[in-house]
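Letter by letter, the chains look like this.
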Amino acid sequence: MIPLQYSAEVAAARASGAAVVALESTIITHGMPFPQNVETARLVEADIRAAGAVPATIAVMGGKLHIGLEADELDALGQAEGVAKLSRADIAACIASGGTGATTVAATMIAAHLADIHVFATGGIGGVHRGAETSFDISADLHELAQTPVTVVAAGAKAILDLPKTFEVLETLGVPVIAFGQDSIPAFWSAQSDIPAPLRMDTAAEIAAAHKMRAAMGLSGGQLVTNPIPDADAIPAEVLHPIIARALAEAEAQGVSAKAVTPFLLGRIFELTEGRSLAANIALVRNNARLAAQIAVALAN
Ligand code: PSU
Ligand code: MN
(Lines give C-alpha, C1' and ligand atoms only; values in the text may rest on other atoms or scores of the structure.)
(Ligands and ions follow the chains in the order given, each with its own letter.)
Protein backbone atom coordinates (compact mmCIF):
# COMPACT_ATOMS: atom_id res chain seq x y z
CA MET A 1 0.00 0.00 0.00
CA ILE A 2 1.22 3.47 -0.86
CA PRO A 3 0.75 5.79 2.15
CA LEU A 4 -1.01 8.58 0.25
CA GLN A 5 -2.17 11.48 2.41
CA TYR A 6 -4.64 13.85 0.75
CA SER A 7 -5.19 17.36 2.07
CA ALA A 8 -8.80 18.10 3.04
CA GLU A 9 -9.20 20.37 0.01
CA VAL A 10 -7.84 17.81 -2.46
CA ALA A 11 -9.92 15.01 -0.94
CA ALA A 12 -13.06 17.12 -1.45
CA ALA A 13 -12.04 17.95 -5.02
CA ARG A 14 -11.56 14.24 -5.79
CA ALA A 15 -15.02 13.45 -4.40
CA SER A 16 -16.71 16.15 -6.48
CA GLY A 17 -14.66 15.74 -9.66
CA ALA A 18 -13.29 19.27 -9.44
CA ALA A 19 -10.16 20.26 -11.39
CA VAL A 20 -6.87 19.72 -9.53
CA VAL A 21 -3.39 21.08 -10.33
CA ALA A 22 -0.27 19.42 -8.88
CA LEU A 23 2.62 21.56 -7.62
CA GLU A 24 6.16 20.45 -6.80
CA SER A 25 8.05 21.09 -3.57
CA THR A 26 11.73 21.16 -4.61
CA ILE A 27 11.17 24.71 -5.77
CA ILE A 28 10.16 25.45 -2.13
CA THR A 29 13.05 23.66 -0.39
CA HIS A 30 15.87 23.99 -2.93
CA GLY A 31 14.79 26.61 -5.46
CA MET A 32 14.00 29.69 -3.37
CA PRO A 33 15.15 31.11 0.00
CA PHE A 34 12.89 31.33 3.06
CA PRO A 35 10.54 33.23 3.50
CA GLN A 36 9.92 33.96 -0.20
CA ASN A 37 9.58 30.22 -0.83
CA VAL A 38 6.58 29.84 1.50
CA GLU A 39 5.04 33.15 0.40
CA THR A 40 5.33 32.09 -3.25
CA ALA A 41 3.87 28.66 -2.57
CA ARG A 42 0.86 30.29 -0.93
CA LEU A 43 0.39 32.80 -3.76
CA VAL A 44 0.61 30.03 -6.36
CA GLU A 45 -2.02 28.00 -4.51
CA ALA A 46 -4.27 31.09 -4.35
CA ASP A 47 -3.79 31.72 -8.08
CA ILE A 48 -4.98 28.19 -8.83
CA ARG A 49 -8.07 28.58 -6.61
CA ALA A 50 -8.88 31.93 -8.23
CA ALA A 51 -8.84 30.20 -11.62
CA GLY A 52 -11.37 27.60 -10.45
CA ALA A 53 -9.12 24.64 -9.62
CA VAL A 54 -7.68 23.09 -6.46
CA PRO A 55 -3.92 23.08 -5.72
CA ALA A 56 -2.16 19.88 -4.66
CA THR A 57 1.37 20.61 -3.47
CA ILE A 58 3.24 17.30 -3.36
CA ALA A 59 5.95 16.27 -0.86
CA VAL A 60 7.06 13.29 1.23
CA MET A 61 6.75 14.04 4.94
CA GLY A 62 7.36 11.47 7.67
CA GLY A 63 7.04 8.60 5.20
CA LYS A 64 3.70 9.74 3.77
CA LEU A 65 3.25 10.87 0.18
CA HIS A 66 1.28 14.09 0.63
CA ILE A 67 -1.05 15.11 -2.19
CA GLY A 68 -1.86 18.64 -1.06
CA LEU A 69 -0.32 20.22 2.05
CA GLU A 70 -2.23 21.84 4.88
CA ALA A 71 -1.05 25.39 5.70
CA ASP A 72 1.04 24.31 8.72
CA GLU A 73 2.68 21.50 6.71
CA LEU A 74 3.68 23.95 3.98
CA ASP A 75 5.19 26.27 6.62
CA ALA A 76 7.14 23.43 8.19
CA LEU A 77 8.50 22.18 4.87
CA GLY A 78 9.54 25.69 3.83
CA GLN A 79 11.68 26.12 6.94
CA ALA A 80 13.02 22.57 7.30
CA GLU A 81 16.79 22.07 6.97
CA GLY A 82 18.48 19.30 5.00
CA VAL A 83 15.36 18.08 3.19
CA ALA A 84 16.12 15.44 0.54
CA LYS A 85 15.59 16.30 -3.13
CA LEU A 86 13.63 13.37 -4.54
CA SER A 87 13.44 12.13 -8.09
CA ARG A 88 12.32 8.79 -9.62
CA ALA A 89 15.41 7.06 -8.24
CA ASP A 90 14.86 7.80 -4.56
CA ILE A 91 11.19 8.65 -3.87
CA ALA A 92 10.21 5.06 -2.99
CA ALA A 93 13.16 4.57 -0.62
CA CYS A 94 12.33 7.84 1.14
CA ILE A 95 8.69 6.82 1.67
CA ALA A 96 9.62 3.29 2.74
CA SER A 97 12.08 4.53 5.36
CA GLY A 98 9.69 7.08 6.85
CA GLY A 99 11.71 10.02 5.55
CA THR A 100 10.96 13.55 4.42
CA GLY A 101 11.80 14.90 0.99
CA ALA A 102 10.80 17.44 -1.61
CA THR A 103 9.68 16.26 -5.03
CA THR A 104 11.33 17.41 -8.26
CA VAL A 105 9.43 17.61 -11.53
CA ALA A 106 10.04 13.88 -12.14
CA ALA A 107 8.88 12.77 -8.68
CA THR A 108 5.91 15.15 -8.71
CA MET A 109 4.75 13.70 -12.04
CA ILE A 110 4.92 10.18 -10.57
CA ALA A 111 2.90 11.25 -7.50
CA ALA A 112 0.37 13.23 -9.56
CA HIS A 113 -0.25 10.23 -11.79
CA LEU A 114 -0.76 7.96 -8.75
CA ALA A 115 -3.35 10.46 -7.49
CA ASP A 116 -5.05 10.70 -10.90
CA ILE A 117 -4.05 14.36 -11.38
CA HIS A 118 -3.37 15.25 -15.01
CA VAL A 119 -1.92 18.77 -14.87
CA PHE A 120 1.10 20.10 -13.01
CA ALA A 121 2.61 23.61 -12.81
CA THR A 122 6.24 24.43 -12.03
CA GLY A 123 8.87 27.07 -12.80
CA GLY A 124 11.29 25.40 -15.16
CA ILE A 125 12.03 21.74 -15.80
CA GLY A 126 15.48 20.23 -15.42
CA GLY A 127 17.28 19.30 -18.62
CA VAL A 128 20.65 18.78 -20.27
CA HIS A 129 23.35 20.69 -18.39
CA ARG A 130 26.03 22.61 -20.26
CA GLY A 131 29.06 20.36 -20.60
CA ALA A 132 26.84 17.26 -20.48
CA GLU A 133 29.02 15.78 -23.22
CA THR A 134 31.61 15.18 -20.48
CA SER A 135 29.54 15.23 -17.24
CA PHE A 136 26.56 13.23 -18.58
CA ASP A 137 24.37 15.45 -16.33
CA ILE A 138 20.90 15.14 -17.84
CA SER A 139 17.89 15.63 -15.56
CA ALA A 140 15.61 12.69 -14.93
CA ASP A 141 12.77 15.15 -15.63
CA LEU A 142 13.20 14.54 -19.37
CA HIS A 143 12.77 10.77 -19.14
CA GLU A 144 9.78 11.23 -16.83
CA LEU A 145 8.06 13.42 -19.41
CA ALA A 146 8.55 10.53 -21.85
CA GLN A 147 6.80 7.96 -19.66
CA THR A 148 4.29 9.53 -17.26
CA PRO A 149 1.03 10.98 -18.65
CA VAL A 150 0.92 14.42 -17.00
CA THR A 151 0.77 17.78 -18.78
CA VAL A 152 3.51 19.95 -17.24
CA VAL A 153 3.33 23.74 -17.52
CA ALA A 154 6.75 25.43 -17.20
CA ALA A 155 8.51 28.53 -18.52
CA GLY A 156 10.70 26.22 -20.61
CA ALA A 157 13.83 24.67 -19.15
CA LYS A 158 15.95 26.76 -16.78
CA ALA A 159 18.30 28.99 -18.78
CA ILE A 160 21.30 27.69 -16.82
CA LEU A 161 20.99 24.58 -19.02
CA ASP A 162 22.00 23.82 -22.58
CA LEU A 163 18.61 24.62 -24.10
CA PRO A 164 19.21 23.35 -27.67
CA LYS A 165 20.41 19.97 -26.33
CA THR A 166 17.50 19.83 -23.85
CA PHE A 167 14.92 20.23 -26.61
CA GLU A 168 16.79 17.79 -28.89
CA VAL A 169 16.51 15.15 -26.16
CA LEU A 170 12.80 15.86 -25.69
CA GLU A 171 12.29 15.44 -29.43
CA THR A 172 14.19 12.13 -29.36
CA LEU A 173 12.05 10.95 -26.44
CA GLY A 174 8.83 11.82 -28.27
CA VAL A 175 7.68 14.46 -25.80
CA PRO A 176 5.33 17.07 -27.29
CA VAL A 177 6.78 20.53 -26.60
CA ILE A 178 4.08 23.16 -26.95
CA ALA A 179 4.78 26.90 -26.83
CA PHE A 180 1.82 28.82 -25.48
CA GLY A 181 0.86 31.77 -27.68
CA GLN A 182 4.20 32.24 -29.44
CA ASP A 183 6.46 30.61 -32.03
CA SER A 184 9.67 30.18 -30.02
CA ILE A 185 10.34 28.22 -26.85
CA PRO A 186 10.64 30.55 -23.85
CA ALA A 187 13.93 30.61 -21.91
CA PHE A 188 12.73 30.76 -18.27
CA TRP A 189 13.74 34.28 -17.13
CA SER A 190 13.35 35.54 -20.74
CA ALA A 191 10.21 35.15 -22.84
CA GLN A 192 11.96 34.25 -26.10
CA SER A 193 14.77 31.98 -27.26
CA ASP A 194 16.24 31.24 -30.68
CA ILE A 195 14.68 27.79 -30.60
CA PRO A 196 11.53 27.41 -32.73
CA ALA A 197 8.68 25.68 -30.90
CA PRO A 198 7.78 22.27 -32.36
CA LEU A 199 4.10 22.97 -31.55
CA ARG A 200 2.21 26.17 -30.81
CA MET A 201 -1.16 26.39 -29.07
CA ASP A 202 -3.06 29.52 -28.10
CA THR A 203 -5.78 28.22 -25.79
CA ALA A 204 -6.04 25.95 -22.77
CA ALA A 205 -8.81 24.03 -24.57
CA GLU A 206 -6.43 23.00 -27.39
CA ILE A 207 -3.86 21.76 -24.86
CA ALA A 208 -6.54 19.78 -23.00
CA ALA A 209 -7.78 18.25 -26.27
CA ALA A 210 -4.25 17.16 -27.20
CA HIS A 211 -3.79 15.61 -23.73
CA LYS A 212 -7.03 13.64 -24.15
CA MET A 213 -6.06 12.46 -27.64
CA ARG A 214 -2.72 11.14 -26.39
CA ALA A 215 -4.56 9.20 -23.68
CA ALA A 216 -7.08 7.83 -26.17
CA MET A 217 -4.24 6.67 -28.44
CA GLY A 218 -2.45 4.99 -25.55
CA LEU A 219 0.69 7.08 -26.01
CA SER A 220 2.93 6.99 -22.98
CA GLY A 221 4.31 10.16 -21.46
CA GLY A 222 3.15 13.69 -20.91
CA GLN A 223 3.19 17.01 -22.66
CA LEU A 224 5.48 19.96 -21.89
CA VAL A 225 3.70 23.30 -22.17
CA THR A 226 6.19 26.16 -22.26
CA ASN A 227 4.61 29.41 -21.11
CA PRO A 228 6.55 32.66 -21.57
CA ILE A 229 7.24 34.83 -18.52
CA PRO A 230 5.13 38.05 -18.57
CA ASP A 231 7.10 40.88 -20.24
CA ALA A 232 7.10 43.12 -17.17
CA ASP A 233 8.99 40.50 -15.13
CA ALA A 234 11.42 39.19 -17.75
CA ILE A 235 15.20 39.64 -17.54
CA PRO A 236 16.84 40.22 -20.94
CA ALA A 237 19.13 37.40 -22.08
CA GLU A 238 22.06 39.84 -22.50
CA VAL A 239 21.82 40.79 -18.82
CA LEU A 240 21.67 37.17 -17.69
CA HIS A 241 24.30 35.74 -20.01
CA PRO A 242 27.42 36.93 -18.11
CA ILE A 243 25.81 36.14 -14.75
CA ILE A 244 24.99 32.56 -15.74
CA ALA A 245 28.54 32.18 -17.11
CA ARG A 246 30.01 33.35 -13.80
CA ALA A 247 27.77 31.07 -11.72
CA LEU A 248 28.69 28.10 -13.94
CA ALA A 249 32.42 28.88 -13.60
CA GLU A 250 32.08 29.03 -9.81
CA ALA A 251 30.21 25.73 -9.71
CA GLU A 252 32.98 24.10 -11.72
CA ALA A 253 35.76 25.66 -9.60
CA GLN A 254 34.08 24.48 -6.40
CA GLY A 255 33.44 20.97 -7.74
CA VAL A 256 29.63 21.19 -7.33
CA SER A 257 28.06 18.10 -8.88
CA ALA A 258 24.95 15.91 -9.22
CA LYS A 259 21.82 17.12 -7.38
CA ALA A 260 23.59 20.14 -5.92
CA VAL A 261 24.21 21.80 -9.31
CA THR A 262 20.77 23.32 -9.97
CA PRO A 263 20.23 24.70 -6.41
CA PHE A 264 23.78 26.13 -6.39
CA LEU A 265 23.31 27.91 -9.72
CA LEU A 266 19.87 29.31 -8.81
CA GLY A 267 21.25 30.59 -5.50
CA ARG A 268 24.26 32.31 -7.08
CA ILE A 269 22.13 33.88 -9.84
CA PHE A 270 19.80 35.23 -7.13
CA GLU A 271 22.80 36.88 -5.41
CA LEU A 272 24.39 38.16 -8.60
CA THR A 273 21.13 39.69 -9.88
CA GLU A 274 20.45 41.17 -6.43
CA GLY A 275 17.17 39.35 -6.17
CA ARG A 276 15.86 40.16 -9.63
CA SER A 277 16.03 36.52 -10.71
CA LEU A 278 13.87 35.53 -7.75
CA ALA A 279 11.21 38.14 -8.53
CA ALA A 280 11.14 36.84 -12.11
CA ASN A 281 10.99 33.22 -10.91
CA ILE A 282 8.00 34.03 -8.67
CA ALA A 283 6.18 35.82 -11.50
CA LEU A 284 6.69 32.98 -13.96
CA VAL A 285 5.57 30.25 -11.55
CA ARG A 286 2.37 32.18 -10.82
CA ASN A 287 1.79 32.68 -14.54
CA ASN A 288 2.26 28.93 -15.10
CA ALA A 289 -0.13 28.09 -12.25
CA ARG A 290 -2.89 30.19 -13.84
CA LEU A 291 -2.50 28.47 -17.22
CA ALA A 292 -2.32 25.03 -15.61
CA ALA A 293 -5.58 25.73 -13.77
CA GLN A 294 -7.28 26.68 -17.04
CA ILE A 295 -6.06 23.44 -18.64
CA ALA A 296 -7.23 21.39 -15.65
CA VAL A 297 -10.67 23.04 -15.78
CA ALA A 298 -10.87 22.36 -19.54
CA LEU A 299 -9.95 18.69 -18.91
CA ALA A 300 -12.52 18.32 -16.12
CA ASN A 301 -15.37 19.60 -18.33
N1 PSU B 1 11.65 25.21 -11.22
C2 PSU B 1 12.09 26.31 -10.54
N3 PSU B 1 13.01 26.10 -9.54
C4 PSU B 1 13.47 24.84 -9.21
C5 PSU B 1 13.02 23.70 -9.94
C6 PSU B 1 12.09 23.95 -10.93
O7 PSU B 1 11.68 27.44 -10.83
O8 PSU B 1 14.28 24.71 -8.27
C9 PSU B 1 13.54 22.29 -9.60
C10 PSU B 1 12.57 21.22 -10.11
O11 PSU B 1 12.20 20.42 -9.00
C12 PSU B 1 13.34 20.42 -11.13
C13 PSU B 1 14.71 20.51 -10.56
O14 PSU B 1 12.86 19.11 -11.26
O15 PSU B 1 14.79 21.91 -10.21
C16 PSU B 1 15.78 20.05 -11.55
O17 PSU B 1 16.87 19.53 -10.84
P18 PSU B 1 18.01 18.68 -11.61
O19 PSU B 1 18.60 19.64 -12.60
O20 PSU B 1 19.00 18.28 -10.50
O21 PSU B 1 17.35 17.50 -12.24
MN1 MN C 1 21.35 16.61 -12.66
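Residues numbered from 1 in each chain as written. Chains lettered and ligands numbered in written order. Predicted model: local features only at pLDDT ≥ 70, side-chain atom pairs only at ≥ 80, totals over all residues. Heavy atoms only, no water.

S.K.: Just checking my understanding: could you explain the layout of surface pockets for this structure?
M.R.: The gaps left among the atoms become clear once a water-sized probe is rolled over them. Taken as a whole, the largest pocket encloses approximately 480 Å³ of empty space. Lining the largest pocket are 28 residues, and of these Lys85, Thr104, Ser139, Asp141 and Thr262 lie nearest its centre. Counting residues per element, the ones that place at least two in the lining of the largest pocket are helix H2 (26–31), helix H8 (140–147) and helix H12 (261–272). At four residues, H2 tops the list of elements feeding residues into the lining of the largest pocket. A per-class count over the lining of the largest pocket returns nine nonpolar, 13 polar and six charged. (1 Å grid on protein atoms, 1.4 Å probe; cavity = no way out; pocket = protein on both sides within 12 Å on 5 of 7 lines; lining within 4 Å. Points joined across faces, edges and corners; volume = space filled by probe spheres on them. Helix = DSSP H or I, 4+ residues; strand = E, 2+ residues; numbered from the N terminus. Nonpolar A, V, L, I, M, F, W, Y, C, P; charged D, E, K, R; others polar.)

S.K.: In this structure, what is going on with empty space enclosed by the protein? I would like to understand it.
M.R.: Counted by the stated rule, this structure contains one cavity of 30 Å³ or more. If you add up the space inside the largest cavity, you get close to 130 Å³. Glu24, Ile27, Ile28, Ala41 and Val285 are the residues nearest the centre of the largest cavity, which is lined by 14 residues in total. Of all the secondary structure elements, the ones that give two or more residues to the lining of the largest cavity are H2 and helix H3 (36–50). Take the lining of the largest cavity: its biggest share by element is four residues, from H3. Looking at side-chain class alone, the lining of the largest cavity contains eight nonpolar, five polar and one charged residues.

S.K.: I would appreciate a short explanation of the pattern of salt bridges in the present structure.
M.R.: Close approach of charged atoms allows side chains of opposite charge to pair. Scanning the model with the defined rule gives 14 salt bridges in all. Close ionic contact of glutamate 133 with lysine 165 constitutes a salt bridge, the shortest N to O distance being 3.8 Å. With glutamate 133 in helix H7 (residues 132–135) and lysine 165 in helix H9 (residues 163–172), this pair connects stretches of sequence that are 32 residues apart. Taking the shortest distance from any N to any O, the salt bridge between glutamate 271 and arginine 268 comes out at 2.5 Å. In this pair, glutamate 271 and arginine 268 are both assigned in helix H12, three residues apart and thus about one turn of the helix distant. Overall, glutamate 271 belongs to the partly exposed group, its relative accessible area being 47%. Each of Arg246, Glu250, Arg268 and Glu271 takes part in one network of salt bridges that share partners. (Salt bridge = Lys/Arg side-chain N within 4 Å of Asp/Glu carboxyl O. Buried < 20%, exposed > 50% of the residue type's maximum accessible area, 1.4 Å probe, protein only.)

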